[in-house]
Amino acid sequence: MPSRRPPAPLPPLGGPFVALDFETADSGPDSACAVGVARVEGGKVVHRDAVLIRPPRGRVLFTHVHGISWHMVKDAPLFADVWRKVQPVLAGAEFLAAHNAPFDRRVLLACCAAAGVEAPPQPFVCTVQLARRKWALKPANLPAVCRRLGIGLIHHHAGSDAEACARIVIAAAAQSAATEAPF
């Protein structure tokens, strides 16, 4: 059985970062059907976007989770085309943040590999782990953390999830700055 890597240390919130969220069509990690991004600079969300993606297989099995149907994505751009639009948003970002980062990282890497595009080099910060460390939250799912912090959320909407994730990092950084304690 492969060993699990310990979570990456949380980098300080100095420069820009990007929160992202993927919704998938099926169990394949290459099946992204939506991506949401939220770029943060100076502790403020300065860019947000959500884009539908045509998944590699002609079906969407998880419509009951996120509401995205095959009809909605059948004419959407492929991942490679969407990624060309998203890449500039990542420029200069110190890290990527995601809620349950191993999932989103795996989807990103699988989609990049399938599309023949280079994956971004930034490390991932997991806001599930951040919420557990910072506020001892359990459960630390996205709706629970957002309720605790008063963050608006339309759960499983990629853009809303990405922005909520960004706001979790901002809240943790603000609290750390107020108490002079690291993340």
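Above this note sits the structure.
Please read all numbers here as calculations on a predicted model, not as lab measurements.

(A) Just the overall build of the chain, in detail. If you tally the helices and strands in the chain, you get seven helices and five strands. Going from N to C terminus, the chain has its helices and strands arranged as β-β-β-α-α-α-β-α-β-α-α-α. Going through the 183 residues of the chain one by one, you find that 48% of them count as buried. A sequence separation of at least 24 residues applies to 64% of the contacts in the chain between residues at least 6 apart. Surface accessibility of the chain: about 9,200 Å² in total, with carbon and sulfur atoms responsible for 56%.

(B) Spotlight on the pairing of strand β1 (residues 17-24). When you tally the buried positions in β1, you get eight out of eight residues, the bulk of the element. Judged by which residues are buried, β1 turns out to be covered on both faces: Phe17, Ala19, Asp21 and Glu23 on one side and Val18, Leu20, Phe22 and Thr24 on the other are all buried. Both β1 and strand β2 (residues 32-41) contribute to a ladder of eight bridges, which runs antiparallel. Within β2, the position partnered with Thr24 by the bridge is Ala32. By the bridge criterion, two bridges tie β1 to strand β4 (residues 96-98) in an arrangement that is parallel. Bridged to Ala19 within β4 is Ala97.

(C) Local environment of the pattern of salt bridges. All told, the structure shown has nine salt bridges when counted by the stated rule. For Arg57, the salt bridge identified is with Asp26, shortest N-O distance 2.9 Å. A residue pair is termed long-range when its members are at least 10 positions apart, and Arg57 in the loop between β3 (44-52) and α1 (63-66) and Asp26 in the loop between β1 and β2 qualify at 31 residues. Judged by its relative accessible area of 5%, Asp26 falls in the buried class. Between Asp26 and Arg59 there is a salt bridge; the shortest N-O distance is 3.7 Å. Placement of Asp26 in the loop between β1 and β2 and of Arg59 in the loop between β3 and α1 is noted, with a sequence separation of 33 residues between them. Residue classification places Arg59 among the partly exposed residues on the basis of a relative accessible area of 36%.

(D) Spatial organisation of the side chain of Glu23. Within the secondary structure layout, Glu23 lies in strand β1. Within the buried set, Glu23 has no salt-bridge partner at all; the shortest N-O distance to an opposite charge, 12 Å, is to Arg106. Leave out the neighbours within four places in its chain, and Glu23 touches Ser31, Ala32, Cys33, Ala34, His66, Ile68, His156, His157, Ala158 and Asp161.

(E) Seen up close, the layout of surface pockets. Size it by volume and the second largest pocket reaches roughly 310 Å³. Lining of the second largest pocket is provided by 19 residues; of these, Asp21, His99, Phe103, His155 and His156 occupy positions nearest its centre. Element by element, the count of residues in the lining of the second largest pocket is highest for β1, at four residues. Of the residues assigned to the lining of the second largest pocket, the class counts are eight nonpolar, seven polar and four charged.

(F) Representation of the sheet that holds strand β5 (residues 124-126). Across the sheet, five strands lie side by side as β3-β2-β1-β4-β5; this open sheet has mixed pairing. The outermost strands of the open sheet, each flanked by one partner alone, are β3 and β5. Within the sheet, the average angular offset between the axes of one strand and its neighbour, ignoring direction, is 25°. Strand contacts of helix α3 (residues 79-90): β1, β2, β3 and β4, with the helix running at about 10° to β2, the strand carrying the most contacts.

(G) Spatial organisation of the nonpolar core. In terms of nonpolar packing, the biggest core is built from 50 residues, with Phe17, Phe22, Val35, Phe79 and Leu108 touching the most fellow members. A total of eight residues in this core trace back to one element, the largest contributor, which is helix α7 (residues 158-179). Ignoring anything within four residues of it in the chain, the contact list for Phe17 reads Ala38, Arg39, Val40, Ala93, Glu94, Phe95, Ala97, Ala166, Val169 and Ile170. Of all hydrophobic cores here, the second largest spans eight residues; its members include Ala25, Cys33, Val60 and Ala76.

Scoring rules and cut-offs
Counting of residues starts from 1 at the beginning of each chain's written sequence and follows it residue by residue. Since the coordinates come from a predicted model, pLDDT governs what is reported: local features require at least 70, and pairs of side-chain atoms require 80 or more to be given and counted, while whole-chain, interface and lining totals use all residues. The side-chain figures draw on all heavy atoms in the structure; neither hydrogens nor water molecules are used. Numbering goes from the N terminus for both helices and strands, where a helix is a DSSP run of H or I of at least four residues and a strand is a run of E of at least two. Each residue is placed in one exposure class: buried if its accessible area under a 1.4 Å probe, protein chains only, is under 20% of its type's maximum, exposed if it is over 50%, and partly exposed if it falls in between. We call two residues in contact when some of their heavy atoms are within 4.5 Å. Methods summary: accessible areas were calculated by the Shrake-Rupley approach with a probe of 1.4 Å, and residue burial reflects only the protein chains presented. Strands pair, by our definition, only if DSSP identifies at least two bridges between them. For this analysis, a salt bridge means a side-chain nitrogen from Lys or Arg found within 4 Å of a carboxyl oxygen belonging to Asp or Glu. Under this rule, positive means Lys or Arg and negative means Asp or Glu; His and the chain ends count for nothing. A 1.4 Å probe that fits into a set of points on a 1 Å grid over the protein atoms alone but cannot get out defines a cavity; an open set with protein on both sides within 12 Å along at least five of seven lines defines a pocket, and lining residues are those with an atom within 4 Å of a point. Grid points are joined across faces, edges and corners, and a volume is the space filled by probe spheres set on the points. Residues are grouped as follows: nonpolar covers Ala, Val, Leu, Ile, Met, Phe, Trp, Tyr, Cys and Pro; charged covers Asp, Glu, Lys and Arg; every other residue, Gly included, is treated as polar. All axes are obtained by fitting lines to C-alpha atoms, using only the stretch in contact for helices, and the reported angles, taken between N-to-C directions, cover 0 to 180 degrees. To form a nonpolar core, buried Ala, Val, Leu, Ile, Met, Phe, Trp, Tyr and Cys residues must be joined to one another through side-chain atoms within 4.5 Å.

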